[in-house]
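Coordinate analysis (summary)
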Amino acid sequence: MALRFANHFEQKSIFLCLLVFLYGASANIDTTKEKTLAMVKPDGVHGKYVDVVKKSIFDSGFSIIHEIELQLDENTVKSFYAEHSPKSFFSSLVQYMTSGPVLIMVLEKENAIADWRSLIGPTDANRAKTTHPR
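Residues numbered from 1 in each chain as written. Predicted model: local features only at pLDDT ≥ 70, side-chain atom pairs only at ≥ 80, totals over all residues. Heavy atoms only, no water.

Some details on the nonpolar core
Grouped burial of nonpolar side chains is what soluble globular proteins tend to show. Core analysis: the largest hydrophobic core is formed by twelve residues, namely A38, V40, V45, V50, I57, F62, I64, L103, M105, L107, A112 and W116. Sorting the residues of this core by element identifies β1 (34–40), α3 (50–59), β3 (101–109) and α6 (112–120) as the ones contributing at least two each. Sort the elements by how many residues they give to this core and β3 lands first, with three residues. Dropping the residues within four chain positions of it, M105 is found in contact with T36, L37, A38, V40, V53, K54, I57, I64, H66 and E67. Counting eleven residues, the second largest nonpolar core, distinct from the first, contains I68, F90, V94 and I104. (Core = buried A, V, L, I, M, F, W, Y, C linked by side-chain atoms within 4.5 Å. Buried < 20%, exposed > 50% of the residue type's maximum accessible area, 1.4 Å probe, protein only. Helix = DSSP H or I, 4+ residues; strand = E, 2+ residues; numbered from the N terminus. Contact = heavy atoms within 4.5 Å.)

A closer look at the sheet that holds β3
In any sheet, the strands associate via hydrogen bonds between backbone groups, in a parallel or an antiparallel arrangement. With antiparallel pairing, the three strands of this open sheet are ordered in space as β1-β3-β2. Sheet topology places β1 and β2 (63–71) at the edges, where each strand pairs with a single neighbour. Each strand axis lies, on average, 20° off the axis of its neighbour in the sheet, ignoring direction. As judged from the eight bridges shared by β2 and β3, these two strands associate in the antiparallel manner. Residue pairing across strands places E67 opposite M105, the latter belonging to β3. Relative to β3, α3 is tilted by about 10°, and along the sheet it contacts β1, β2 and β3. Where α6 meets the sheet, it contacts β1 and β3, and its direction lies at approximately 30° from that of β1. (Pairing = 2+ DSSP bridges. Axes fitted to C-alpha atoms, helices over the stretch in contact; angles between N-to-C directions.)

Quick word on the side chain of K54
Secondary-structure assignment places K54 in helix α3. Excluding anything up to four places from it in sequence, K54 contacts I64, E67, L103 and M105.

A few points about helix α5 (residues 90–97)
The complete set of buried residues in α5 reads F90, L93, V94 and M97. Projection of α5 onto a plane perpendicular to its axis shows the buried side chains occupying an angular sector of 100°, all on one side. Residues S91 and Q95 are exposed on α5 and point more than 90 degrees away from its buried face. Structurally, α5 contributes buried residues whose contacts are with β1, α2 (42–46), α4 (74–80) and β3. (Arc of directions from axis to C-beta.)

Concerning the pairing of β3
Taking burial as the measure, the nine residues of β3 include eight buried ones, the bulk of the element. Pairing of β1 with β3, which is carried by seven bridges, proceeds in the antiparallel orientation. Along β3, the bridge assignment pairs L37 with V106.

Concerning the environment of K78
In this structure, K78 sits in helix α4. Each C-alpha atom, one on K78 and one on M97, is 9.6 Å from the other, the two residues being 19 residues apart in sequence. Discounting residues that sit within four places of it in the chain, K78 has contacts with F90 and V94. Within the structure, the side chain of K78 is placed 2.8 Å from the side chain of E74, a separation counted as a polar contact. (Polar contact = N/O pair within 3.5 Å; in protein donor to acceptor, adjacent residues only side chain to side chain.)

Following this line, the structure appears as structure tokens:
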């Protein structure tokens with residue numbers, strides 16, 4: 001059973017990577033648009049905030065060109081967040097990101113990368129409290 005799940009997960013991961021690559025490599029692509037990755041983390045999926053997040057995405061002019069909800073495994077999370085591995089919060093980050101399903105989306109629009117960063121605000125929690133208070 002675990003092997004079957006792992007193979008299914010690997011297939012979904014490979015499928016998502018291929019979609020990102022294929023959408024970006026398409027001959028019919030609008031070269032004025034960029035793509036970026038967005039993820040609703042486990043607490044957002046569990047707390048049923050997906051619709052609110054998607055509304056913000058659409059209201060900001062993005063298109064969601066692909067999405068997939070899945071449960072990340074420990075190795076995938078460790079690879080994805082490898083840059084944080086020496087930091088003290090890394091083990092709790094891995095535990096959190098494997099605690100439930102996530103929604104991964106490929107977003108598209110002109111200036112998508114900068115606009116997404118602006119929409120989500122700073123990744124540093126202390127700075128976010130100042131610049132993007134609730």
